Amino acid sequence: MRTVADLHTHTSACPHGHCTRAELILRARERGLAAVGISEHVQANPDGVPMSYFENMKAWLPEVYGIRLLRGAEADICDWRGKLFLQRRYMKNLDYLIASLHRHSLASADRATVTRTWCGVAEDPAVDIIGHCGRDPDRFAFEIDPVIRAFRDGGKTVEFNDSSFGREDHRKMCYLICEACGKYGVPVIIGSDAHYARSVGEAENCLRMIREVGLPESQVVNADLDRLMAWISAARAKKVALAGR
Ligand SMILES: [Zn+2]
Ligand SMILES: [Zn+2]
């Protein structure tokens, strides 16, 4: 199994990114990816981009240097009720939306609170991808079974990325979540969370985990381009419908 696209990347549009969009796309092409999605942080994060960035996204070319370019965003969950910092009116320009917990926005909470928060996010129709929820289990541990069932019921896709395997507790949490995704049939996606061009498409740790857990290839959204593009069409249609409400 391999990945054909990386939907979780950052560029120097946000202050802690260290490459241009062109560098990122060229590196994705070198790695043999067919598509790359750029998912900058939204303004609630101290390193987020301003809302005007999302307003003007509609001008992006659909293909650059022979690579499909997908328009994403990574929104911080900014309160324990699961509220996201991104107004609906900007969503019509997005192909997909990632929702993530970050320590800049929320420091930590007990297991019951984080469980409730993820179950709330699972019900938000604007969210497509649950970002790196295996990361920071010392701050954001949750009850895995009810949360993964809620993600299934809410039609969410669970993301894993290679930068979440640096610490043993993060790695363990990712494996437990991945096993639960297998148990409940929740689709997963592999992202790099690259902040430098050289990291785009990195997926070695995630692919090893998926192999070891025995998750079928058909459950990995970005292991096949047709599957990914059908998934993007569905996510995009949801955004347009929501923006019109
Ligand atoms: Zn993140
Ligand atoms: Zn990120």
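Refer to the structure printed above.
Fair warning: this is a prediction, and the values are worked out from it, not measured in the lab.

K.L.:
Describe the coordination of the zinc ion (ligand 2), with residues and values.
P.N.:
The coordination sphere of the zinc ion (ligand 2), as far as protein atoms go, consists of His8 (NE2), His10 (NE2), Glu74 (OE) and Asp193 (OD), spread over 2.0 to 2.3 Å. For the zinc ion (ligand 2), the four donor atoms in the first shell make angles of 83 to 172° at the metal, a pattern classed as irregular. A separation of 3.3 Å is found between the zinc ion (ligand 2) and the zinc ion (ligand 1), which are bridged by Glu74. His8 gets classed as buried once you look at its relative accessible area, which sits at 1%.

K.L.:
Break down the coordination of the zinc ion (ligand 1) for me, citing the residues and quoting the values.
P.N.:
Distances from the zinc ion (ligand 1) to its protein donors, namely Glu74 (OE), His102 (NE2) and His132 (NE2), fall within the range 2.1 to 2.2 Å. Within one chain, the residues donating to the zinc ion (ligand 1) are spaced in sequence as E-x27-H-x29-H.

K.L.:
If you had to explain the pairing of strand β2 (residues 35–41) to someone new, which residues and values would you point to?
P.N.:
With seven of seven residues buried, β2 lies mostly within the body of the structure. Neither face of β2 is exposed, since Ala35, Gly37, Ser39 and His41 on one face and Val36, Ile38 and Glu40 on the opposite face are all buried. Bridge count between strand β1 (residues 5–6) and β2: two bridges; the pairing is parallel. Note that in β2 the partner of Asp6 across the bridge is Val36.

K.L.:
Please give an account of helix α3 (residues 111–122) that cites residues and values.
P.N.:
Along an α-helix, a turn takes 3.6 residues, which lines up residues three or four apart on a common side. With 12 residues, α3 should reach 16 Å at 1.5 Å per residue; the first-to-last C-alpha distance of 16 Å fits that figure. Where α3 is concerned, the buried positions are Thr113, Val114, Thr115, Thr117, Trp118, Val121 and Ala122. Looking at the buried residues of α3, the elements they touch are β5 (96–100), β6 (129–130), α4 (137–140) and α5 (144–153). The N-cap of α3, judged by a side-chain oxygen 3.1 Å from the amide nitrogen of Ala112 a few residues on, is Asp110.

K.L.:
Mind laying out the pattern of salt bridges, listing which residues take part and the relevant values?
P.N.:
In total, this model carries 17 salt bridges according to the counting rule given. Between Glu204 and Arg208 there is a salt bridge, with the nearest N and O atoms lying 3.6 Å from each other. Here Arg208 and Glu204 lie together in helix α7 (residues 204–213), a separation of four residues that amounts to about one turn. Sharing partners across several salt bridges, the network here consists of Arg71, Asp95 and Arg236.

What counts and how
Residues numbered from 1 in each chain as written. Chains lettered and ligands numbered in written order. Predicted model: local features only at pLDDT ≥ 70, side-chain atom pairs only at ≥ 80, totals over all residues. Heavy atoms only, no water. Donors = N, O, S within 2.8 Å, 3.2 Å for Na, K, Ca; no water. Tetrahedral: all angles 85-135°; square planar, octahedral: opposite > 155°, others 65-115°. Buried < 20%, exposed > 50% of the residue type's maximum accessible area, 1.4 Å probe, protein only. Helix = DSSP H or I, 4+ residues; strand = E, 2+ residues; numbered from the N terminus. Pairing = 2+ DSSP bridges. Expected span 1.5 Å × (residues − 1). Contact = heavy atoms within 4.5 Å. Polar contact = N/O pair within 3.5 Å; in protein donor to acceptor, adjacent residues only side chain to side chain. Salt bridge = Lys/Arg side-chain N within 4 Å of Asp/Glu carboxyl O.

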